[in-house]
Amino acid sequence: MEKILKILWTLIKVFVIAVAVLFVVYFWNLDQKVLGWAYKQVNAMFDRKKVNQVF
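It should be emphasised that the depicted structure is a prediction, and the values quoted were computed from it without experimental measurement.

Novice: Can you help me understand the overall build of the protein in this one?
Specialist: When helices and strands are counted, the protein shows 2 helices and 0 strands. Against the globule reference of 10 Å for 55 residues, the protein gives a C-alpha radius of gyration of 22 Å, more extended than a compact globule. Its C-alpha atoms give the protein principal-axis dimensions of roughly 75 × 25 × 15 Å. A burial count over the protein gives 0% of its 55 residues as buried. When the accessible surface of the protein is summed, it comes to about 6000 Å², and 71% of that surface belongs to carbon and sulfur atoms.

The following block contains the structure:
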């Protein structure tokens, strides 16, 4: 019985930590901030490439 309770307690702790992390990400809108940073990095890479313009 103690082994089951120990596993259950561990699962509850993992669940609470996951919910807390997701709440922080949602509250501070961190997912959009990370994506904004990533888009800037990708655009900086592609803006350096030469483009062959053929009309």
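Novice: Looking at this structure, I do not really get the packing of aromatic side chains. What am I missing?
Specialist: Geometrically, a pair of aromatic rings is defined through the distance of the ring centres and the angle of the planes. According to the stated counting rule, one finds 2 aromatic pairs in the structure shown. Plain terms: the ring middles of Phe23 and Phe27 are 5.6 Å apart, the flat faces sit at 25° to each other, and that makes the pair stacked. Of this pair, Phe23 and Phe27 both sit in helix 1 (residues 2-27), 4 residues apart, roughly one helical turn. Using a relative accessible area of 55% as the deciding quantity, one classes Phe27 as exposed. With 5.5 Å between their ring centres and 80° between their planes, Phe27 and Trp28 make a pair best called edge-to-face. Put simply, the rings of Phe23, Phe27 and Trp28 pair up and form one aromatic cluster.

Novice: I'm lost on the environment of Asp31 in this one. Help?
Specialist: Here Asp31 is to be found in helix 2 (residues 30-47). A residue is classified by how much of its surface remains accessible, and Asp31, at 40% relative accessible area, is partly exposed. Along the chain, Asp31 and Val42 lie 11 residues apart, while their C-alpha atoms are 16 Å from each other.

So, how was this worked out
Residues numbered from 1 in each chain as written. Predicted model: local features only at pLDDT ≥ 70, side-chain atom pairs only at ≥ 80, totals over all residues. Heavy atoms only, no water. Helix = DSSP H or I, 4+ residues; strand = E, 2+ residues; numbered from the N terminus. Rg over C-alpha atoms; globule rule 2.2 N^0.38 Å. Buried < 20%, exposed > 50% of the residue type's maximum accessible area, 1.4 Å probe, protein only. Areas by Shrake-Rupley, 256 points an atom, 1.4 Å probe, with all protein chains shown as cover. Phe/Tyr/Trp six-rings, centres within 6.5 Å; stacked < 30°, edge-to-face > 60°.

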